[in-house]
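Here is what each chain is made of, one letter per residue.
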Amino acid sequence: MGEDIEARLAARLAELRAERGWSLDELAGRADVSRSTLSRLERAEISPTAALLGRLCAAYERTMSQVLAEVEAEPPQLVRADRQTVWRDEASGFTRRSVSPPHPGLRGEVVEGLLRPGADIAYDGPPVPGLEQHIWVLEGALEVTAGGGVHLIRTGDCLRFRLWGRSRFRCPGPDPVRYAVMIVLP
């Protein structure tokens, strides 16, 4: 993610907190993130990890795509491959491409994920309870924990569910996994 997008993301996260009238301490309690981390994040001194951004999105009741789309210009109907926003969390080994970003009046979006072997990302809960997800593995294997079950999805397989609680995405290897997630708001 470019510095410009990271700066806009930091500013938008600060705006979301201000819109709710929450102090840093209150947000820290709601998201289970330290006050100092939130302060540094809002000043764009650090970039959020996927897990941290997931916690903040849950506190603000927005999907990650919604928050990332809010820092971009209005997306066009046709989203060219070279115009799709790519966000990387190098620490966790996760790359996320917003193939079809959220758009006002539409409930669905498409995200491409890439996890390197051994990458393991856990989310405390969905940003929006009951979020519908369809996960289609394009290459490799992906282990998804959701709804109390653990599912190993291989090339061509699709897992679909409504997300109410915690979830986890893990690449068991030996190769990276590339997958598409179709997200539908309830």
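Conventions used here
Residues numbered from 1 in each chain as written. Predicted model: local features only at pLDDT ≥ 70, side-chain atom pairs only at ≥ 80, totals over all residues. Heavy atoms only, no water. Axes fitted to C-alpha atoms, helices over the stretch in contact; angles between N-to-C directions. Helix = DSSP H or I, 4+ residues; strand = E, 2+ residues; numbered from the N terminus. Parallel < 35°, antiparallel > 145°, perpendicular 65-115°, else oblique. Contact = heavy atoms within 4.5 Å. Nonpolar A, V, L, I, M, F, W, Y, C, P; charged D, E, K, R; others polar. Polar contact = N/O pair within 3.5 Å; in protein donor to acceptor, adjacent residues only side chain to side chain. Core = buried A, V, L, I, M, F, W, Y, C linked by side-chain atoms within 4.5 Å. Buried < 20%, exposed > 50% of the residue type's maximum accessible area, 1.4 Å probe, protein only. Left-handed = near helix turned anticlockwise from the far one by under 90°. Phe/Tyr/Trp six-rings, centres within 6.5 Å; stacked < 30°, edge-to-face > 60°. Lys NZ or Arg CZ within 6 Å of the ring centre and 35° of its normal.

Quick word on the packing of helix α2 (residues 24–31) against helix α4 (residues 50–60)
Reasoning step 1: Contact geometry of α2 with α4 gives a least axis separation of 9 Å together with a crossing angle of 105°. One element, α2, and the other, α4, form an angle in the roughly perpendicular class. Only R55, L56, A59 and Y60 of α4 make contact with α2, whose side of the interface consists of L27, R30 and A31.
Reasoning step 2: Taken together, the residues that form the contact of α2 with α4 break down as five nonpolar, no polar and two charged.

Some words on the environment of R97
Reasoning step 1: When you line up the elements, R97 lands in strand β2 (residues 94–100).
Reasoning step 2: Separated by 31 residues in sequence, R97 and V128 have C-alpha atoms that sit 20 Å apart.
Reasoning step 3: For R97, the residues in contact, after removing those within four places along its chain, are A81, Q84, T85, V86, V110, V111 and E112.
Reasoning step 4: At a separation of 3.3 Å, a polar atom in the side chain of R97 contacts the main-chain carbonyl oxygen of A81.

Describing the nonpolar core
Reasoning step 1: Grouped together as the largest cluster of nonpolar side chains are 48 residues, with contacts concentrated most on L13, L56, L115, I135, L142, V144 and Y179.
Reasoning step 2: Take this core: its biggest share by element is seven residues, from α4.
Reasoning step 3: When neighbours within four sequence positions are excluded, L142 is seen to be in contact with L115, I135, V137, H151, L152, I153, F169, R170, P172, V177 and Y179.

Describing the packing of α2 against helix α3 (residues 35–42)
For any two helices packed against each other, the geometry is given by the interaxial angle and the distance between the axes.
Reasoning step 1: At a closest axis distance of 9 Å, the pairing of α2 and α3 adopts a crossing angle of 110°. Judged by the angle between their axes, α2 and α3 are roughly perpendicular. Along this stretch, α2 crosses α3, giving a crossing that reads as right-handed. When α2 is examined against α3, the residues L24, D25, L27 and A28 are found in contact with a partner set consisting of R35, L38, S39 and E42.

Notes on the packing of aromatic side chains
Reasoning step 1: Scanning all chains against the criterion turns up four aromatic pairs.
Reasoning step 2: Ring plane angle 10° and centroid distance 5.6 Å describe the contact between W22 and Y60, whose orientation is recorded as stacked. In this pair, W22 sits in the loop between α1 (3–20) and α2 while Y60 sits in helix α4, placing the two residues 38 residues apart along the sequence.
Reasoning step 3: Judged by centre distance (6.4 Å) and plane angle (80°), the ring pair of W87 and F94 falls under edge-to-face.
Reasoning step 4: Here a set of aromatic residues connected by ring pairs shows up, and it is made of Y123, F169 and Y179.
Reasoning step 5: Across the ring face of W22, the terminal group of R20 is positioned such that the distance to the ring centre comes to 5.7 Å.

Digging into unusual backbone geometry
Reasoning step 1: P174 follows G173 through a cis peptide bond whose omega is 5°.
Reasoning step 2: Among the secondary structure elements, P174 is positioned in the loop between β9 (167–170) and β10 (177–184).
Reasoning step 3: A positive phi angle is found at D32, which is not glycine, with a value near 55°.
Reasoning step 4: Topologically, D32 is positioned in the loop between α2 and α3.
Reasoning step 5: A relative accessible area of 59% means that D32 is categorised as exposed.
Reasoning step 6: With phi around 60°, A44 is a residue other than glycine that occupies positive phi space.
Reasoning step 7: Along the chain, the position of A44 falls in the loop between α3 and α4.

All quantities given are derived from atomic positions and should not be read as evidence of function.
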